[in-house]
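Now for the letters of each chain:
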Amino acid sequence: MERVVSGIRSTGNLHLGNYFGALKNFIKMQDENECFFFIADYHSLTTHPTPENLHGNVRQVLAEYLAAGIDPEKATIYVQSDVPEVAELYLLLNMNAYVGELERTTSFKDKVRKNPNNVNAGLLTYPVLMAADIIMHNATKVPVGKDQEQNLEMARKFARRFNNMYNVEYFNEPEPFNFGESLIKIPGLDGSGKMGKSEGNGIYLIDDPKVLRKKVMKAVTDSGPTEPNSPVTESVQNLFTIMDVVSTPDTLQYFKDKYASCEIRYGDLKKQLAEDIIKVTTPIRERILDIAADTEYLRKVVKLGEDKARESAAKTIKEVREIIGFKPF
Ligand code: TRP
């Protein structure tokens, strides 16, 4: 059994790529491991949200993850800012994090390039806060995508540095959780590449049927096969890939055969795909709306998470304080 920690960005709705990708794995993981999933709202302050947006975003993200299957009885799901111990560990780790190494991280350099007018210290020390999140619960595994690998490497480095500095074997060096083959990649509907928020091609769980139909009908295809059994072009393969996760095997085979015999009508394919997406997302969308409106339930969930996360965090902070030399008289 691993101790798994993962932070969830506090902005942005879940799309099919998230749902069939990382989220399916989170849901599997929570059965077999001790999982801490939290909404990273401290981190979001680097972009200066308004108070209304900050709270609204956290509520929406929480509702979406719960609706999609994160189970607060199995995993510890909490809001980062409910655990102020994180801020203390962040402060302590900052004393041994060097400006030079932080300036060299690719995500920092990217953010400086994109937002030269908002190069705040929180951005610079983002990897330190992330390390605090992770080593607070002595995680053994962290599920990370490509874009977070360097941040995880920093967390390992800060954990090791603390251990060396105080000559202890206190913090574990967390490993990336590798999903390997099981991580399904969902493409976008714009002809090439993956589905993503920044790509602007997302099919969101919260989209209503009308929006979904419109998005699918606009999907990029090709001019149609002209010879029997010609290779499937990328844009059409993308539709088949999505169909593979939302439709029945028979439906997928039907359209693949039609393609092979040059009888395919993309309008029919898209109509079927849209309806099958709607079938998958409708119950989730309804749950999202119910949960987001149920303040009583949300309050219960975050309280449960806060209690469990703070118990683990308080133990770490107490021990770290002693190691550092903050001792009671
Ligand atoms: N940086 C992560 C992201 O942008 C979010 C995050 C914050 C995180 N703290 C974490 C992820 C700790 C894993 C572990 O997606």
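Reading guide: rules and limits
- Residues numbered from 1 in each chain as written.
- Predicted model: local features only at pLDDT ≥ 70, side-chain atom pairs only at ≥ 80, totals over all residues.
- Heavy atoms only, no water.
- Domains from an automatic or database assignment.
- Contact = heavy atoms within 4.5 Å.
- Buried area = accessible area lost by both parts, 1.4 Å probe.
- Salt bridge = Lys/Arg side-chain N within 4 Å of Asp/Glu carboxyl O.
- Helix = DSSP H or I, 4+ residues; strand = E, 2+ residues; numbered from the N terminus.
- Near = heavy atom within 4 Å.
- Polar contact = N/O pair within 3.5 Å; in protein donor to acceptor, adjacent residues only side chain to side chain.
- Nonpolar A, V, L, I, M, F, W, Y, C, P; charged D, E, K, R; others polar.

## Comments concerning the domain arrangement of the protein chain
So, step 1. Structurally, the protein chain comprises domain 1 (3-185 + 294-324) and domain 2 (209-289).
So, step 2. Taking the mean C-alpha position of each, domain 1 and domain 2 sit 36 Å from one another.
So, step 3. Contacts between the two partners involve 10 residues from domain 1, matched on the other side by 10 residues from domain 2.
So, step 4. Both faces combined, the contact of domain 1 with domain 2 buries some 740 Å², and carbon together with sulfur accounts for 80% of it.
So, step 5. The three residues of domain 1 that bury the most area against domain 2 are L16, F20 and A67, which together make up 59% of that side's buried surface.
So, step 6. Our count for the domain 1 to domain 2 interface comes out at 0 salt bridges.
So, step 7. Those elements that place two or more of their residues in the side of domain 1 that touches domain 2 are helix 1 (16-32) and helix 3 (51-68).

## What about the site of the ligand?
So, step 1. Neighbouring residues of the ligand: S6, G7, R9, F38, H43, Y126, M130, D133, I134, V142 and Q148.
So, step 2. In the environment of the ligand, an oxygen atom lies 2.8 Å from a nitrogen or oxygen atom belonging to the side chain of R9.
So, step 3. For the shell around the ligand, the elements supplying multiple residues, two or more each, are strand 1 (3-9) and helix 8 (126-136).
So, step 4. Top element by residues in the shell around the ligand is helix 8. It accounts for 4 residues.
So, step 5. Of the residues assigned to the shell around the ligand, the class counts are 5 nonpolar, 4 polar and 2 charged.

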